[in-house]
Structure formats: C-alpha cells, structure tokens
Amino acid sequence: MKSVYYTNYGSPDVLEVREVEKPKPSDDEILVKVKACTVNRTDDHNLSGKPWVMHLTVGLFKPRKKIPGTDFAGIVEACGKNVKAFNPGDRIWGFKDAVLSSQAEYFCINPKKNVLKIPEGIDFQTAAASAEAAHYAYYFYDKIKNWQDCRIMIHGGTGAIGSALLQMVKYRGAFVCATCRPEHIERVKSLGADQIINYEEEDFTQQESQYDYVFDAVGKSSFGACKKILKPHGVYASSELGPGNENLYLPLTTGLFSNQKVKFPLPFNVNKSLTFVSQLLSEGKFNPLIDRVYTLDQIREAYAYVISGQKVGNVIINMP
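Residues numbered from 1 in each chain as written. Predicted model: local features only at pLDDT ≥ 70, side-chain atom pairs only at ≥ 80, totals over all residues. Heavy atoms only, no water.

### Focus: a nonpolar patch on the surface
Taken together, the side chains of W52, V53, L56, L60 and F61 define a hydrophobic patch exposed on the protein surface, amounting to about 580 Å² of accessible area. Tracing the backbone shows W52 in the loop between helix 1 (41-48) and helix 2 (55-58). Judged by its relative accessible area of 51%, W52 falls in the exposed class. (Patch = residues over 30% accessible without salt bridge, like charges linked within 9 Å, V, L, I, M, F, W, Y side chains within 5 Å. Areas by Shrake-Rupley, 256 points an atom, 1.4 Å probe, with all protein chains shown as cover. Salt bridge = Lys/Arg side-chain N within 4 Å of Asp/Glu carboxyl O. Helix = DSSP H or I, 4+ residues; strand = E, 2+ residues; numbered from the N terminus. Buried < 20%, exposed > 50% of the residue type's maximum accessible area, 1.4 Å probe, protein only.)

Structure follows, in structure tokens:
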C-alpha cells in the first residue's frame, strides 16, 4: 500500500511517499481503508518536533511512528475478533493527536475512544475536515459556562479551529466578533459572525468593545494584549502556548491577582468532542471550511501550504 513516510523531524522535504506493507488488525483493532484525511497544525508540530515538548509524545530524538497523520474518514475493512461496535463496511471517522498513521491507504486503530460512525448524508471529505480542528474548538466552547448575553471575540475566524468555534458558539446564540483578512469577510459572515474586524487594517485588541471570552484561535496574541477588551471576570484562551509558554502557567496565577483569567483547554476526550460535532453535522448546523484538496503524492505541497499560514479552514488529502 502507499503511505507517507518520514524518519527524522524537519520540513516537508523529509516526507516521502513509499510502498509499505499493509497492516493487519490485532484482536482489539479495526483495519481502516482511508478515504480522506487532513494536513493540519497538529501534523505540522508532529513533523517538525516543535515546540520541543512534542518530542515527549511523538519521539524523543526521532519520530516513533514513521507514518504521520492524526485524523481520517474511511471505511472499516476488517475487524479484530474482540471488536463489537463496528462491522466491515461501516463509514467511520476519528482523530488522535499523538499520531494515528492515517496518511496512508490503510491503517489500524483501537476504536474504543477515537472513532465514530459518520452521520448519514455526510461525505468523507466533510467528515475528515470535522475532526482535528473541531476537536480543539470544542474545548474552547466547553469553557463557556454562562451563555446569557454572552459576547465572544474570535481571533482567526477563517482558520480551521476559529471557523469551527464560530459555528459552535453561534449554535448557542452568542454574539460573535471575528477577525479575518478582507477577502474572507463574506465567508466569515456566512458562518454567522455578528461583527467582523479586518485585522490587516485594525488591531482587534484596541477596540472599545469588551467581551466575556476572547479566543485566539491562531495563537498570535497574548493575555496581556487582550486584557483591555476583556470584561471583568472575562476569560482569555489561546490555541498555542503563547510567548514564553505563558499559557501553561497563567491559568494558575491570573486568578490570584485579577478577576480576569486565562484558561488553557486540555482536549483529552476525543469521543466527547466528536459526538458533539456529529450532532451538529446531523442537524445541518456545522459545515467545515475546506480550502484545498491534494492527493497523497502531493503531500509535501500540502504540508508546505499549511505551514505557510495562508490556509482557510482545512486542507484535505483525498485517497485514491
């Protein structure tokens, strides 16, 4: 079978497509025929080994798993004898940030915690684009405890995480202001944003409005920069560690010196997030943004585009 393959951390140049042996499922696993997957920010971190903390999960000096990939949509090809929840032919999707090796024609997975059936009427590309970023977006969403007259600021409304979060919070009726480039204003409006800031012309941290929650979905701001636009008792959260990894320790200290707080979501429960997204997909309330579609043989180009920071929503790898 064909798969993406790498043996060292680095740029997309270390990736290659090669023929490898088709895996066989253990008694507790299923064999998945992959129909679509994404190249995403998690994949980028797993490829580069940056920040260095990634080495603790994907390999201290070299990647432990040589085939990358963190999400997928596909078909159950075969089941181990202990698997009861799925059958060959089931349409499934899933995610695991510690590497699934899903950027391949086939891979094996224990389906207990990271796999769901694809809702009726949802195609493989849409399902794949509803996994990784939507999972992280959900754990921002899950931090919101009071929806009454809730005002939310999302920095990065066209990113995969930001666009997913925007749809989730609009599902609950919150007021949302989102940032984007000028050419994407209409697209962000279509996702439900009540107000849009063109970040090329205006610094969203200098506006007069204040918000209950400020979510930096692209990791390019900081708590200090956003304090002005946070209400008393407001919450700041970011998708990245922040300057000097401050988003790891500020959740422990901000509550001691201020009524404004930093929260850093710990997105451990994949089934919880994907179950929620599956509900929204079934209700027609979630439509992930898809920017470009590549083939497996174009894997270097796909990673390079994601790393460029120019993508809008998700980048898909479509399998033969």
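### Side note on the nonpolar core
Counting 54 residues, the largest nonpolar core has W93, I152, I154, M168 and V169 as the members making the most contacts within it. Within the second largest apolar cluster, 28 residues are counted, among which are V32, L47, F72 and I109. (Core = buried A, V, L, I, M, F, W, Y, C linked by side-chain atoms within 4.5 Å.)

### Some thoughts on helix 5 (residues 160-171)
The α-helix winds at 3.6 residues per turn, so residues separated by three or four positions along the chain end up facing the same way. For helix 5, built from twelve residues, the straight-helix expectation of 16 Å at 1.5 Å per residue is met to within 8% by its first-to-last C-alpha distance of 17 Å. With ten of its twelve residues buried, helix 5 lies for the most part within the structure. For helix 5, the complete set of buried residues consists of A160, I161, G162, S163, A164, L165, L166, Q167, M168 and V169. Following helix 5 by one or two positions, G173 has its phi on the positive side, about 85°. (Expected span 1.5 Å × (residues − 1).)

### Looking at the pairing of strand 3 (residues 30-39)
Counting buried residues in strand 3 gives eight out of ten residues, a clear majority hidden from the surface. Sheet topology places strand 3 next to strand 4 (residues 71-79); six bridges connect them, and they run antiparallel. Considered in strand 4, the bridge of V32 is made with V76. Both strand 3 and strand 6 (residues 106-109) contribute to a ladder of four bridges, which runs antiparallel. Paired with K33 across the two strands is Y106, which belongs to strand 6. Here four bridges tie strand 3 to strand 15 (residues 314-318), and the two strands are oriented antiparallel to one another. (Pairing = 2+ DSSP bridges.)

### Some points on the sheet that holds strand 11 (residues 211-216)
Pairing is parallel across the open sheet formed by six strands, whose spatial order is 10-9-8-11-12-13. Two strands bound the open sheet, and with one partner strand each, they are strand 10 (195-198) and strand 13 (261-262).

Keep in mind these values describe shape, not function.
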